[in-house]
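Spelled out, the chains give:
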Amino acid sequence: MSNGFLLVYLAGGAYQKRPLQTTNTASYRIGVLGSGKGSNFVALAEACRAGTIPGQIVFVGSDVAGAGILARAAEMGLPNTHLAPGPYRTKLDEAAEASYIAALQVARVDLVVLAGFMRILKGAFLRAFPQRVINIHPSLLPSFPGLEAWRQALDRGVKVTGCTVHFVDEGIDSGPIIGQEAVSVRDGDTVATLHERIQNAERRLYPAVVAALAQGRVRVEGGRVQGFSVQTQETT
Ligand code: GRF
């Protein structure tokens, strides 16, 4: 946003009138990592464009060459990179981890957003971005951590599930919870219908949480997010 002008001295003695940045809304720099189709990434990128997240996505990375998230980023004109993950299936090897850290550092990210990134990040990665890595999980944590949480919820017969955005720590889906959206389990729900409604919730919740982080409204004390929580609501 600008509401004034600055006279900038140019080589050759000329001056140019440039808008004065009074509110530097795009200064918060977001890196996104994902392995899949990228629907959460798109929701975040659209929220940045609309200004509801006062920040910009400066890096999109994937461990999967040809992942949808990279194609969506390219379509939106955002920097996107495949970074080889190394030989393991569920984590990065040391060299790969170093390349992910370096790429995000070069992009000078303030926040690392995991959006369907299917590898566990630990140790060196988390130390490189302390309390700066967040994840979205398709259940109301601490219920149903791990894979296919919507299926776990349906199998267990819970009446309410949802999604959770949390800081990433050394555990699995265990870091401080920042925000949650509840999703009712309906009679006749299948794995597919429940999963779809949870994903709709994710696309509301994630931008709301990232906006709050960009605005500096999230504080962690004693391992918990204090004095603040984001709760969005199922509308249909
Ligand atoms: C999301 O549903 C999220 O719950 C999980 O991975 C999925 C990624 O989907 N962590 P997308 O790639 O954002 O569409």
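Each remark here, short or long, concerns the structure printed above.
Per chain, residue numbering runs from 1 following the sequence as it is written. The model is predicted, so local features are restricted to residues of pLDDT at least 70 and side-chain atom pairs to those at 80 or more, both for listing and for counting; the totals for chains, interfaces and linings are taken over all residues. Each side-chain value is derived from all of the structure's non-hydrogen atoms; neither hydrogens nor water enter the calculation.

Student: Could you clarify how one ought to interpret the environment of Val-168 in this entry?
Tutor: By secondary structure assignment, the location of Val-168 is in the loop between strand E8 (160–167) and strand E9 (177–184). Throughout, a residue-residue contact means that at least one pair of heavy atoms, one from each residue, lies within 4.5 Å. Residues within four places of Val-168 in sequence aside, it is in contact with Leu-114, Leu-121, Leu-126, Val-133, Ile-134 and Asn-135. Secondary structure elements are taken from DSSP: a helix is a run of H or I of four residues or more, a strand is a run of E of two residues or more, and numbering for both begins at the N terminus.

Student: What should I look at first to understand helix H1 (residues 39–50) in this one?
Tutor: The periodicity of an α-helix, 3.6 residues per turn, causes residues three or four places apart in sequence to face the same way. Take the number of residues in a helix, subtract one, and multiply by 1.5 Å to get its expected span. Taking 1.5 Å of rise per residue, the 12 residues of H1 would be expected to cover 16 Å, and the 16 Å separating its terminal C-alpha atoms lies within 8% of that figure. H1 sits mainly inside the fold: nine of its 12 residues count as buried. Whether a residue is buried, partly exposed or exposed follows from its accessible area with a 1.4 Å probe, protein chains only, as a fraction of its type maximum: under 20%, in between, or over 50%, in that order. All of the buried residues along H1 are Ser-39, Asn-40, Phe-41, Val-42, Ala-43, Leu-44, Ala-45, Ala-47 and Cys-48. Buried residues along H1 sit in contact with strand E3 (28–33), strand E4 (55–62), helix H2 (68–75), strand E6 (111–114), strand E7 (133–137) and helix H6 (191–214). Just downstream of H1, Gly-51 is the residue with a positive phi angle, here 85°.

Student: Help me understand the sheet that holds E7 in this model?
Tutor: Strand pairing within a sheet occurs via backbone hydrogen bonds; the two strands may be parallel or antiparallel. The pairing criterion is simple: DSSP has to find at least two bridges between the two strands. The sheet built from eight strands is open, its strands ordered E5-E4-E3-E6-E7-E8-E9-E12 with mixed pairing. In this open sheet, the two strands that pair with only one neighbour each are strand E5 (80–82) and strand E12 (230–231). Of the strands in this sheet, E3, E4 and E5 are in contact with H2, which crosses E4 at around 140°. To obtain each axis, a line is fitted to C-alpha atoms, and for helices this fit is confined to the stretch in contact; angles are then taken between N-to-C directions over 0 to 180 degrees. Contacting E3, E6, E7, E8, E9 and E12, H6 crosses the sheet at an angle of about 155° to E9.

Student: Teacher, can you tell me more about the packing of H1 against H6 here?
Tutor: In a pair of packed helices, the angle between the axes and the distance between the axes together describe the arrangement. At a minimum axis distance of 9 Å, the contact between H1 and H6 shows a crossing angle of 50°. Between H1 and H6, the crossing angle belongs to the class labelled oblique. Between H1 and H6 the crossing geometry is right-handed. Across the interface between the two elements, Ser-39, Asn-40, Ala-43, Leu-44 and Ala-47 from H1 touch Glu-202, Arg-203, Tyr-206, Pro-207 and Val-210 from H6. Its residues assigned to classes, the contact of H1 with H6 comprises six nonpolar, two polar and two charged. In this scheme, roughly parallel covers angles under 35 degrees and roughly antiparallel covers those over 145, while 65 to 115 is roughly perpendicular and the rest are oblique. In this scheme, a crossing is called left-handed if the near helix is turned counterclockwise away from the far one by less than a right angle; it is called right-handed if the turn is clockwise. As a working rule, the residues Ala, Val, Leu, Ile, Met, Phe, Trp, Tyr, Cys and Pro are called nonpolar, Asp, Glu, Lys and Arg charged, and the rest polar, with Gly in that last group.

Student: What should I look at first to understand the packing of aromatic side chains in this one?
Tutor: Given two aromatic rings, their pairing is described by the distance between the two centres and the angle made by the two planes. Here is the rule: rings of Phe, Tyr and Trp (six-membered ring for Trp) pair when centre to centre is within 6.5 Å. Planes less than 30 degrees apart are stacked, more than 60 are edge-to-face, and the remainder are tilted. Taken as a whole and judged by the stated rule, the model has two aromatic pairs. With a centroid separation of 5.8 Å and an interplanar angle of 50°, the aromatic rings of Tyr-100 and Phe-117 are classed as tilted. Remark: Phe-117 occurs in the loop between E6 and helix H4 (123–128) and Tyr-100 occurs in helix H3 (residues 94–106); sequence separation between them is 17 residues. For the pair Tyr-100 and Phe-117, one class covers both residues: buried. In this analysis the charged atom, NZ for Lys or CZ for Arg, is taken to sit over a ring once it is within 6 Å of the ring centre and within 35 degrees of the ring normal. Over the face of the ring belonging to Tyr-88 we find Lys-91, whose NZ or CZ atom lies 4.6 Å from the ring centre.

Student: Before we go on, may I ask you to explain the packing of helix H5 (residues 149–156) against H6 in this structure?
Tutor: For the pair H5 and H6, the least separation of the axes is 9 Å and the interaxial angle reads 125°. With respect to H6, the element H5 is oriented oblique. You can see that H5 and H6 cross each other, and the crossing is right-handed. From H5, Trp-150, Arg-151 and Leu-154 reach across to H6, where they touch Val-191, Leu-194, His-195 and Ile-198. Broken down by class, the residue content of the contact of H5 with H6 amounts to five nonpolar, one polar and one charged.

Student: Sorry, what's going on with the site of the ligand here?
Tutor: Taken together, the neighbourhood of the ligand is formed by Gly-36, Lys-37, Gly-38, Ser-39, Asn-40, Gly-116, Ile-136, Pro-138, Gln-199 and Glu-202. Polar contact is defined as a pair of N or O atoms within 3.5 Å, subject to the rule that within protein one atom must be able to donate a hydrogen and the other to accept it, and that residues adjacent in sequence are counted only when both atoms are side-chain atoms. Here an oxygen atom of the ligand sits 2.5 Å away from a polar atom, N or O, in the side chain of Ser-39. Between the ligand and Gln-199 there is a distance of 2.8 Å, counted from an oxygen atom to a side-chain nitrogen or oxygen. Computed by Shrake-Rupley with a 1.4 Å probe, the accessible areas treat only the displayed protein chains as cover when residues are assessed. Relative to its unbound accessible surface of 370 Å², the ligand loses 87% to contact with the protein. Proximity is defined per residue: any heavy atom of the residue falling within 4 Å of a molecule or strand makes that residue near it.

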